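Chain residues, written in single-letter form:
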Amino acid sequence: MSDSIQRTRVGDFPISQTVTVPASASLVFVSGTLPDVADPNAPTGTPAAYGNTEVQTVSVFNKLRKILREQDLDLGDIVQLRVFLVGAEETAGKLDFTGLQRGYTQFFGTPEQPNKPARTALQVVALPLPGALVEVEAIAARTT
């Protein structure tokens, strides 16, 4: 087996169908990460304070990047993501998958960062941060 991470693609979709991590790698598990306030003038604890799904997704991935860099890793080292989405008002209470994708594709499968993790996205009733629509937990791999 190779000492590098192997990713199997799903056409042009910005995720990997499978990711194989060599036994020599160490895994870093990142707890659920929530967005930062985008509009401090909006009412506290509302989606308006954090922005729509796309704005929140960008905020979360910027925070994940910072967390990973503190571990000498980056977003390209992520092998698996679990995304929790609250139904948005603008999508009649259903998860805003399009908003997620618009934010997500700014960070994964780009010319600057071509690596694509395996990913699950699911809808939840609420998140621990009132007004948050997006929470992401990640697993990154450090190869030696």
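Residues numbered from 1 in each chain as written. Predicted model: local features only at pLDDT ≥ 70, side-chain atom pairs only at ≥ 80, totals over all residues. Heavy atoms only, no water.

### A short note on the overall build of the chain
Note the following rule: Working definition: helices are DSSP H or I runs of at least four residues, strands are E runs of at least two. Numbering for both runs from the N terminus. Put simply, the radius of gyration uses C-alpha atoms, and a globule should come to 2.2 Å times the residue count raised to 0.38.
A tally of helices and strands in the chain yields three helices and six strands. Each helix and strand of the chain, ordered N terminal to C terminal, gives the series β-β-β-α-α-β-α-β-β. Over its C-alpha trace the chain gives a radius of gyration of 16 Å, about what one expects of a compact globule, namely 15 Å for 144 residues. Viewed in the frame of its principal axes, the chain has a C-alpha envelope of about 50 × 30 × 25 Å.

### Some details on the packing of aromatic side chains
Our working definition: Ring pairs shown here join Phe, Tyr and Trp side chains whose ring centres sit within 6.5 Å, with only the six-membered ring taken for Trp; geometry is labelled stacked below 30 degrees between planes, edge-to-face above 60, and tilted in between. When accessible area is computed with a 1.4 Å probe and restricted to protein chains, residues below 20% of their type maximum are described as buried, those above 50% as exposed, and intermediate ones as partly exposed. Charge over a ring is defined by NZ of Lys or CZ of Arg lying within 6 Å of the ring centre and within 35 degrees of the ring normal.
Taken as a whole and judged by the stated rule, the model has four aromatic pairs. Measuring from ring centre to ring centre gives 5.9 Å for Phe 61 and Tyr 104, while their planes differ by 65°; the resulting arrangement is edge-to-face. Of this pair, Phe 61 sits in helix H2 (residues 53-69) while Tyr 104 sits in helix H3 (residues 97-104); the two residues are 43 residues apart in sequence, bridging distant segments of the chain. Grouping residues by exposure puts Phe 61 and Tyr 104 together as buried. The interplanar angle of 20° and the centroid separation of 4.8 Å between the aromatic rings of Tyr 104 and Phe 108 together place this pair among those described as stacked. A residue is classified by how much of its surface remains accessible, and Phe 108, at 1% relative accessible area, is buried. Taken together, the aromatic side chains of Phe 61, Tyr 104, Phe 107 and Phe 108 make up a single cluster linked through ring pairs. The ring of Tyr 104 carries Arg 119 above its face, with NZ or CZ at 4.4 Å from the centroid.

### Remarks on the environment of Ile 15
Within the secondary structure, Ile 15 sits in strand E2 (residues 13-20). In the structure, Ile 15 is positioned 90 residues away from Thr 105 in sequence and 9.6 Å away in space, judged by C-alpha atoms.

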